[in-house]
Amino acid sequence: MLRRPGLAAVVSAAALCALAALPAHAADDPVIGGDCDGARSFVTVCRQEPGTPGGQGPKGNQPGTGAGKDSKPRPQTCAVERLDPQPPASDPLWNGHEPGDGALYTRVCLSDALGAAAGAQIVPQVFWAAEAPVVNVDPEQLARQAVDRMLLSGPDIASPRAAGRYIVGVPMWMWVNESATTYGPNTASASLAGVTVTAKAKVTKIDWTMGDGNAVTCQGPGTAYHASYGKQESPTCGHTYSRTSASRSGGKYSVNATATWTVDWQVNGGGEAGQFTEIRQSRAQVAMGELQVVR
């Protein structure tokens, strides 16, 4: 039986023995990782459900995307378990092998389960191996697992405010609130089969699309505005609108803030290290009006 909570593939040996299965081809040899907590199975990676990247924030941020532009496709998460008891030598699953030459194992992949129609039975593969599958851990994949645990989100937009009204021609100051999940730094570790990888993530830039055809790239969180600054432009992150938002849907510009998280990871104790990026996005609505002069 495959359980979805925690995205850990958990297989019951008794249940697997009761199901019909087809032998796997040699090209399907699994890459095995280690043990999931509470599971008797070997798996490639025990990933935690990452929640809602860029999820609903206190400023009305909208869900963002989870994958970085240069993220590698994640390998399948598969559960592998030795059949216990082993079938008799007369069982065709041995496919010409003798019980004393090795053992039969079963495998169910998470992608197979998630892609199955509701109520469909997931049929595990059965394969023969002369020895127990060898542990093979991809440290970058462990780093991505650690990032999942961080629950990184899109920027927590402090300005422009959804409830604010802004004036054409007056410089707008843009900035975001900083926290571990919305800006960083954020650190988490993941372990598998004796290998522990620590990942550190921090936003390195925020790309703003302002809804009027203009875009702004800010290298930091921006500078908070104070009345003493008057009408000067932001020194770090700002934009000046030249047209009102009256003709836009709802009378507001739709502003997108896309954060690029840079993740540095390293195997604990020294050794392999690397870097990749993750993308998270938030949205805001901005009402832009004109200053009315009364004579």
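Note that the structure is predicted; figures quoted are calculated from it, not measured.

A. Geometry of unusual backbone geometry. Residue Pro 160 is bonded to the preceding Ser 159 through a cis peptide linkage, with omega at 10 degrees. Looking at the secondary structure, you find Pro 160 in the loop between β6 (156–159) and β7 (165–167). Of note, the amide linkage connecting Gly 184 to Pro 185 takes the cis form, showing an omega dihedral of 0 degrees. The backbone of Asn 95 shows a phi angle near 50 degrees, a positive value even though the residue is not glycine. Its location among the elements puts Asn 95 in the loop between β3 (78–82) and β4 (103–109).

B. Quick look at the packing of aromatic side chains. Overall, the coordinates contain five aromatic pairs when judged by the stated rule. Where Tyr 105 meets Phe 127, the ring centres are 5.7 Å apart and the plane angle is 20 degrees; that geometry is what we call stacked. One end of the pair, Tyr 105, is in strand β4; the other, Phe 127, is in strand β5 (residues 125–129), with 22 residues separating them in the sequence. A centroid spacing of 4.9 Å and a plane angle of 10 degrees characterise the contact between Trp 173 and Tyr 229, whose relative ring orientation is stacked.

C. Focus on the pattern of salt bridges. The final tally for this structure, using the stated rule, is four salt bridges. Put simply, Glu 140 and Arg 144 hold a salt bridge, and the shortest N to O gap is 2.8 Å. Of this pair, Glu 140 and Arg 144 both sit in helix α3 (residues 139–150), four residues apart, which is roughly one turn of the helix. Note on accessibility: Glu 140 and Arg 144 belong to one class, buried. Residues Lys 205 and Asp 207 are paired through a salt bridge, measuring 3.6 Å at the closest nitrogen-oxygen approach. You can call Lys 205 partly exposed: its relative accessible area is 30%.

D. Main features of the pairing of strand β11 (residues 195–209). Relative to β11, strand β10 (residues 186–192) is paired through seven bridges, and the arrangement is antiparallel. Counted as the bridge partner of Ala 190 is Val 197 from β11. Of the strand pairs in this sheet, β11 and strand β14 (residues 253–267) are connected by twelve bridges, and their pairing is antiparallel. Following the sheet pairing, Thr 209 is matched in β14 by Asn 256. Bridge analysis of β11 against strand β12 (residues 215–218) gives four bridges, and the strand direction is antiparallel. Bridging from a neighbouring strand, Asp 207 pairs with Thr 217 of β12.

E. Structural detail: the nonpolar core. Judged by nonpolar contacts, the single largest core of 39 residues is most densely connected at Met 172, Ala 199, Ile 206, Trp 208 and Met 210. Among the elements of the structure, α3, β10, β11, β12, β14 and β15 (273–289) are those that each provide at least two residues to this core. A per-element tally of this core places β14 first, with eight residues. Those residues within four positions of Met 210 in sequence are excluded, and the remaining contacts are Met 172, Met 174, Val 216, His 239, Tyr 241, Tyr 253, Ser 254 and Val 255. Counting five residues, the second largest nonpolar core, distinct from the first, contains Val 80, Ala 103, Tyr 105 and Phe 127.

F. Region of interest: the environment of Thr 106. Here Thr 106 is to be found in strand β4. Put simply, Thr 106 and Phe 127 are 21 residues apart on the chain and 6.3 Å apart in space, counted from C-alpha to C-alpha.

G. Broad picture of the side chain of Arg 280. Relative to the elements of secondary structure, Arg 280 occurs in strand β15. We classify Arg 280 as buried; its relative accessible area is 5%. Reaching out from Arg 280, the side chain makes a polar contact with the backbone oxygen of Leu 152 at a distance of 3.1 Å.

Conventions adopted
- Residues numbered from 1 in each chain as written.
- Predicted model: local features only at pLDDT ≥ 70, side-chain atom pairs only at ≥ 80, totals over all residues.
- Heavy atoms only, no water.
- Helix = DSSP H or I, 4+ residues; strand = E, 2+ residues; numbered from the N terminus.
- Phe/Tyr/Trp six-rings, centres within 6.5 Å; stacked < 30°, edge-to-face > 60°.
- Salt bridge = Lys/Arg side-chain N within 4 Å of Asp/Glu carboxyl O.
- Buried < 20%, exposed > 50% of the residue type's maximum accessible area, 1.4 Å probe, protein only.
- Pairing = 2+ DSSP bridges.
- Core = buried A, V, L, I, M, F, W, Y, C linked by side-chain atoms within 4.5 Å.
- Contact = heavy atoms within 4.5 Å.
- Polar contact = N/O pair within 3.5 Å; in protein donor to acceptor, adjacent residues only side chain to side chain.

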